[in-house]
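Here is what each chain is made of, one letter per residue.
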Amino acid sequence: MKTIIPAVKGTREFYPEQMAVRNYLAEKARQAAHAFGYQEWDGPFLETIDLYAAKSGEELVKEQSFVFQDRGGDLVTLRPELTPSLARMIAARQNELVYPLRWWSFGPFWRYERPQKGRSREFFQWNVDMLGVNSPEADAELIAVAATFMKSVGLTPGLARIFVNNRRLMDARFEALGIPPEMRLAVSNLVDRRNKMTPENWEAYALEQGLSRQQLDGLKSLLADKDLWQTWDELVRLFAALEALGVREYVEFDPNIVRGLLYYTGTVFEAFDLSGGVRRAILGGGRYDNLLADVGGDPLAGVGFAMGDVVIGIVLEENGLLPPFVPTPAPVMVTVFDETHWLDSLRLAAQLRQAGLNVTCYPEPAKLPRQFKFADKMGMRVVLVCGPDEAAAGQVTIKDLQSGTQNQVPRPEAARLIREILERA
RNA sequence: GUGCCCAUAGUUCAAUUGGCGGAACGUCUGACUGUGGAUCAGAAGGAUGUGGGUUCAAGACCCACUGGGCACCCCA
């Protein structure tokens, strides 16, 4: 009896309070995507491991995926990301889809990682993608969708910001520094871990990776140059478009943004939480122009981003930006005065539902204080009492729990008067 | 997958050198037989995460496991 089977490590249990947060995030994501005309879609939760082998990066496939053998002996994977599924589904119907294609999705993903704060093995991710357009203006639109979401949940540019870079720009600069193509990945990783090491260690590590002293100095000044974007036409156009889209204040150029996924080819961006002590990545994305061709489709340009629900949830919680939790979806409760008035209460509740209200009825006769206490704890706004007095007069008592006032009114008027109370703030 | 830290009531935390496990909040009951929140009074609630070991004696010390956190790694 006392033995409880624990939940699987790294999974999450959504009690109504957490479910409300998840739904809130999903709803805000939906609104932002719909504001820009994106269509909702989804892929399978189970995929073959081969789908990810091509482009997702070795680490993700080999060490961070849930892989199982099914009863037929085939290996199946709980999806660790969505973009490969997107690429396949588009490739399969490449000639019948309407372009430019704007799709969004919000669903569960799994990664076999060591859980810690802001990272679980089971999480929800919002994905937004545009395919069929290759332009900085398209990149800007994706960033604008992200910024629109951030704004809608109360994140100001002071609390969180989107940092942008461009892989082609960096490649050109690496080229100019005489860093050969085969060293680019190592250099990217180097850039990625810069703020995690002391300057001395980082430089030593850089030299160890094969950079010359001169190249290292060149790299350092490159990474410090916040105006570098002005030398790159794509980024000049990107920022002009962001300005026009009204989200320029959320975006900043940062040559240190690299991103690990291999399929990005141009613009890359990452939103960070600036409100706390550590910079935490809220969302990330970029342009991937080769992905379709890589999964066997015709070449098709794409740009997109993904946001996990865990970090954003923590950031909003820590900044007091989550909406207050209202336990019940029914703001109205009918009390049950006693056994003889029980069915009358059920009738009243049914009438009010018929009138379009969400109404709960206390499930049994009980002392009124208990019933009122219950209504209060469940966050209800209106409590109805129909006892002997009301029944004799064909009336009902309506109490507004927020103001504490109550009135006894004819029953046919109840629905209208309740609605009036609910519409008051 | 590596290193370090943590685990006591539903929750957040106490418990001297190893010596009878406490408080706050929450919950329940009553003050209040037709009315929630506030206040007051009372009550319930624990094999101290699991399994072993040391000891006359373990919440405390040792080992393993499980879970969580931090840093790597990676990323949402």
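A quick note: this is a predicted structure, and the numbers were derived from the prediction, not measured. Sequence order as written defines residue numbering, which begins from 1 separately in each chain. Chain A is the first chain written and ligand 1 is the first ligand written, with later ones labelled in order. Only residues with pLDDT of 70 or above have their local features reported here, since the model is predicted, and side-chain atom pairs are shown and tallied only from 80 upward, although totals for entire chains, interfaces and linings are computed over all residues. The side-chain numbers reported here are obtained from all heavy atoms of the structure, hydrogens and water having been left aside.

Caption draft 1: Representation of the sheet that holds strand β15 (residues 395–400) in the model. By this definition, two strands are paired if DSSP reports at least two bridges between them. Comment: elements are numbered from the N terminus, with helices defined as DSSP H or I runs of at least four residues and strands as E runs of at least two. Taken together, 5 strands build an open sheet; the order of strands is β13-β12-β14-β15-β16 and the sheet is mixed. One side of each edge strand has no neighbouring strand; the edge strands of this open sheet are β13 (359–361) and β16 (406–410). Geometrically, the sheet is characterised by an average inter-axis angle of 25° between neighbouring strands, direction not taken into account. Pairing of strand β14 (residues 382–385) with β15, which is carried by 4 bridges, proceeds in the antiparallel orientation. When the bridges of β15 are listed, V385 appears paired with T397. Note on definitions: a residue-residue contact is assigned when non-hydrogen atoms from the two residues lie within 4.5 Å. Only the stretch in contact is used when fitting a helix axis, every axis being a line fitted to C-alpha atoms; angles between N-to-C directions are given from 0 to 180 degrees. Contacts from helix α13 (residues 342–354) reach β12 (332–334), β13, β14 and β15, with the element oriented near 170° to β13.

Caption draft 2: How the structure looks around unusual backbone geometry. Between Y99 and the following residue, P100, the backbone shows a cis peptide bond with an omega angle of -5°. Its location among the elements puts P100 in the loop between α4 (83–92) and β5 (101–110).

Caption draft 3: Summary view of the protein's contact with RNA strand B. By convention in this text, a residue qualifies as near a molecule or strand provided that one of its non-hydrogen atoms is within 4 Å of it. In the neighbourhood of RNA strand B, 43 residues make up the surrounding shell, with K117, R370, D389, E390 and L401 lying closest. By atom count, sugar and phosphate contribute 54% of the portion of RNA strand B lying within 4 Å of the protein. Between RNA strand B and R111 there is a distance of 2.8 Å, counted from a sugar or linking oxygen to a side-chain nitrogen or oxygen. Polar contacts, as counted here, are pairs of nitrogen or oxygen atoms within 3.5 Å of one another; within protein the pair requires one atom able to donate a hydrogen and one able to accept it, and residues that are adjacent in sequence qualify only if both atoms are side-chain atoms. At 2.5 Å, a side-chain N or O of E390 approaches a base nitrogen of RNA strand B. Of all the secondary structure elements, the ones that give two or more residues to the surface near RNA strand B are β6 (122–131), β10 (280–287), β11 (302–308), α14 (368–377), α15 (388–393) and β15. In terms of residue count, the dominant contributor to the surface near RNA strand B is α14 (7 residues). When grouped by side-chain class, the residues that make up the surface near RNA strand B number 14 nonpolar, 10 polar and 19 charged. Side-chain classes are defined by residue name, with Ala, Val, Leu, Ile, Met, Phe, Trp, Tyr, Cys and Pro counting as nonpolar, Asp, Glu, Lys and Arg as charged, and the others, Gly among them, as polar.

Caption draft 4: Region of the structure containing the packing of aromatic side chains. Paired rings are identified among Phe, Tyr and Trp, the last through its six-membered ring, by centres lying within 6.5 Å, and are further divided according to the angle between planes into stacked (under 30 degrees), edge-to-face (over 60) and tilted (the rest). Enumeration over the complete set of coordinates arrives at 13 aromatic pairs. Seen in terms of ring centroids, W229 and F239 are 4.6 Å apart; in terms of plane orientation they differ by 55°. Their pairing is tilted. Residue W229 is located in the loop between α9 (213–224) and α10 (233–245), and its partner F239 is located in helix α10; the two are separated by 10 residues in the primary sequence. Each residue's exposure class comes from its accessible area (1.4 Å probe, protein chains only) as a fraction of the maximum for that residue type: buried when under 20%, exposed when over 50%, partly exposed otherwise. Residue F239 is classed as buried on the basis of its relative accessible area, which comes to 3%. Aromatic ring contacts, followed pair by pair, group W126, F149, F269 and F305 into a single cluster. Sitting above the plane of the F14 ring, R22 keeps its charged end 4.5 Å from the centroid. Any Lys NZ or Arg CZ found within 6 Å of a ring centre and within 35 degrees of that ring's normal is scored as a charge over the ring.

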